[in-house]
Amino acid sequence: MSDFIPPAKPIIGDEEREAVDRVLRSGMVAQGPEVAAFEQEFSAHFVQGRPAVAVNSGTAGLHLGLLAAGVGAGDEVIVPSFTFAATGNSVALTGATPVFVDIEPETFSIDPEAVAAAITPKTKGILPVHLYGHPARMRELEALAATRGVALYEDAAQAHGAALDGRPVGTFGDFAMFSLYPTKNMTSGEGGMVSTATGEIARRIKLLRNQGMERQYENEIIGFNARMTDIHAAIGRVQLTKVGEWTRTRQANAAFLDANLRGVSIPPVADGAEHVYHQYTVRVLEDRDGFVAALKSEYGVGAGVYYPIPNHRLPSLASFAPGLDLPETERAASEVVSLPVHPSLTQADLERIATAVNALAKAGS
Ligand SMILES: *Cc1c(COP(=O)(O)O)cnc(C)c1O
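In this convention, every chain numbers its residues from 1, walking through the sequence in written order. Reporting in this predicted model follows two pLDDT cut-offs: at least 70 for local features of residues, and 80 or more for side-chain atom pairs to be given and counted; totals over whole chains, interfaces and linings ignore these cut-offs and use all residues. Heavy atoms from the whole structure form the basis of all side-chain values; hydrogens and water molecules are not counted.

Draft legend 1. The arrangement of the packing of helix α2 (residues 33–46) against helix α8 (residues 230–240) in detail. Inter-axis angles, ranging from 0 to 180 degrees, are taken between N-to-C directions of lines fitted to C-alpha atoms, where helices are fitted over the stretch in contact. Helix and strand assignments follow DSSP, with helices taken as H or I runs no shorter than four residues and strands as E runs no shorter than two, numbered in order from the N terminus. Where α2 meets α8, the axes come as close as 8 Å, and the angle between the chain directions of the two elements is 30°. On the basis of their axis angle, the class for α2 and α8 is roughly parallel. Between α2 and α8 lies a crossing of left-handed hand. Only Asp230, Ala233, Ala234, Gly236, Arg237 and Leu240 of α8 make contact with α2, whose side of the interface consists of Pro33, Glu34, Val35, Ala37, Phe38, Glu41, Phe42, His45 and Phe46. Residues are grouped as follows: Ala, Val, Leu, Ile, Met, Phe, Trp, Tyr, Cys and Pro are nonpolar; Asp, Glu, Lys and Arg are charged; all remaining types, including Gly, are polar. Among the residues making up the contact of α2 with α8, the classes are represented as nine nonpolar, two polar and four charged. Roughly parallel here means an angle under 35 degrees, roughly antiparallel means over 145, roughly perpendicular means 65 to 115, and every remaining angle is called oblique. Crossing handedness: left-handed means the near helix sits turned counterclockwise from the far one by under a right angle, and right-handed means the same turn made clockwise. We call two residues in contact when some of their heavy atoms are within 4.5 Å.

Shown next as structure tokens:
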């Protein structure tokens, strides 16, 4: 059997190593000028110059963003259940209640009608996830938030560079979080970046990330240590210069798979949407887990299932959703398979993925 094709593969080059070395040699490794430069460059690159604040993980970015937006005990925040646990967790960590709603089947993102039905007087905001790198239904959600008087936030952990009608994700919500974990579309090692609608929200996130201090030892509020280091920022700055090309490669890889896969549903792209293919996710209607196992054992293709257990059924979060039934979420959780689409794939890798999927999908039907 040929070499294993991993489901994700961060690309780290000599430039990243040199940047880290430069910071290490400077002797100043904690949050400093590299972080400030990374924030500015990220903002210009992805979110049209909105304020951006770097933190030490995407999860911290969501948590601090929600706190800075005033979310706390007694509030409700409407979230999809079909997402990584960090989405629901970050709401719960503020003391607020995550209200889980269903997705719409096309894009796997939160269903605006389900959101509308879930709004109560306690609803503080809506936190859609741009799952797999495809923008959520932001036109409808933005209108809904405005007419119902609730806030809009964004979990853009998987969606660096995704856009709707030319407007980038990360520019819709009061805040938006981008993850910089190694398997995401770009990395800083660990890290997160939060873009904000106002300088005031950015200021509060900066306070929360640094023990509630703006001036040394004059702590204004109770805060965290969620600072990014200059070592991580230096990696992120180099990755920023490459991520555009990687995204184009992801999109070209996806186009190849779209044209060559048979027997599985290919990922739809909504009108006006720019999909950045953090994942290339298909549905397999029968024996999904057997399909994933055979891709690996028979063809050396590493596929992933994101996510087999939705947030509202996780032991950690289930108490927020007793007896909740979310049919499209359940169906997606049992059918989805994410095939490798990352920019390290060779043409031979892509052909092997197509051969494997077509053989197994046929054998299964
Ligand atoms: C990765 C991810 C997060 C959390 O980001 P970390 O940097 O790993 O803390 C949150 N939400 C979604 C949808 C993610 O994919």
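Draft legend 2. Just the packing of aromatic side chains, in detail. Two rings belonging to Phe, Tyr or Trp (six-membered ring only in the last case) form a pair when the distance between their centres is within 6.5 Å. Interplanar angles under 30 degrees mark stacking, angles over 60 mark edge-to-face geometry, and anything in between is tilted. Evaluated as defined, the whole model comprises ten aromatic pairs. Ring plane angle 65° and centroid distance 5.2 Å describe the contact between Phe42 and Phe178, whose orientation is recorded as edge-to-face. With Phe42 in helix α2 and Phe178 in strand β9 (residues 175–179), the pair connects residues that are 136 residues apart, well separated along the chain. Take Phe178: its relative accessible area is 0%, and that puts it in the buried class. Any residue under 20% of the maximum accessible area for its type is buried, any over 50% is exposed, and the rest in between are partly exposed; the area is computed with a 1.4 Å probe on protein chains only.

Draft legend 3. Structural context of the pairing of strand β1 (residues 52–55). The alternating pattern of β1 places Ala52 and Ala54 on one face and Val53 and Val55 on the opposite face, and all of these are buried. Here, any two strands with at least 2 DSSP bridges between them count as paired. Inspection of the sheet shows β1 paired to strand β10 (residues 192–196) by four bridges, in the antiparallel sense. Looking at the pairing, Ala54 lines up with Met193 of β10.

Draft legend 4. Quick peek at the site of the ligand. Distances are taken per atom, and a residue is near a molecule or strand as soon as one of its heavy atoms is within 4 Å of it. Every one of the 17 residues lining the ligand counts as a neighbour, but Gly58, Thr59, Gln158, Ser179 and Lys184 are closest to it. Contacts described as polar in this section are N or O atom pairs within 3.5 Å, which, within protein, must combine one atom able to donate a hydrogen with one able to accept it, while residues neighboring in sequence count only if both atoms come from side chains. Between the ligand and Thr59, the relevant distance is 2.6 Å, taken from an oxygen atom to a side-chain nitrogen or oxygen of the residue. In the model, an oxygen atom of the ligand is placed 2.8 Å from a nitrogen or oxygen of the Gln158 side chain. Coverage of the ligand by the protein amounts to 93% of the 380 Å² it exposes when considered alone. Looking at the shell around the ligand, the elements that each hand over two or more residues are α3 (58–68), α4 (85–93) and β9. Partitioned by chemical class, the residues of the shell around the ligand number seven nonpolar, eight polar and two charged. Only the protein chains shown count as cover for residues, and all accessible areas are computed by the Shrake-Rupley method using a 1.4 Å probe.

Draft legend 5. Geometry of the nonpolar core. We call a set of buried residues a nonpolar core when its members are Ala, Val, Leu, Ile, Met, Phe, Trp, Tyr or Cys and they connect through side-chain atoms within 4.5 Å of each other. Core analysis: the biggest nonpolar cluster contains 31 residues, and Val77, Val91, Leu127, Tyr153, Phe175 and Ile205 have the highest contact counts within it. Those elements that provide at least two residues to this core are β1, α3, β2 (76–80), α4, β9 and α7 (199–209). Note that the domain bounds were set by an automatic or database domain assignment. Two domains share this core, each providing at least three of its residues, namely domain 1 (14–240) and domain 2 (243–363). The contacts of Val91, once residues within four sequence positions are left out, are Leu66, Val77, Val79, Ala96, Thr97, Pro98 and Leu127.

Draft legend 6. Representation of the packing of α3 against α4 within the structure. With their axes 9 Å apart at the nearest point, α3 and α4 run at an angle of 40° to one another. Judged on the interaxial angle alone, α4 and α3 are oblique. In the crossing of α3 with α4, the sense of the turn from one axis to the other is right-handed. Across the interface between the two elements, Thr59, Leu62, His63 and Leu66 from α3 touch Ala86, Thr87, Ser90, Val91 and Leu93 from α4. Of the residues that constitute the contact of α3 with α4, the class distribution is five nonpolar, four polar and no charged.

Draft legend 7. Just unusual backbone geometry, in detail. Look at the link from Tyr306 to Tyr307: it is a cis peptide, with omega at 10°. Note on placement: Tyr307 falls in the loop between α10 (288–299) and α11 (327–335). You will see that Gln48, though not glycine, has its phi angle at about 55°, which is positive. When you line up the elements, Gln48 lands in the loop between α2 and β1. Classification of Gln48 by relative accessible area gives exposed; the value is 59%. You will see that Gln211, though not glycine, has its phi angle at about 60°, which is positive. Residue position: Gln211 is located in the loop between α7 and α8.

Draft legend 8. Main features of α8. Of all the eleven residues making up α8, eight are buried; the element is thus mostly covered by neighbouring parts of the structure. What α8 keeps buried is the set Asp230, Ala233, Ala234, Ile235, Gly236, Val238, Gln239 and Leu240. The N-cap of α8, judged by a side-chain oxygen 3.2 Å from the amide nitrogen of Ile231 a few residues on, is Thr229.

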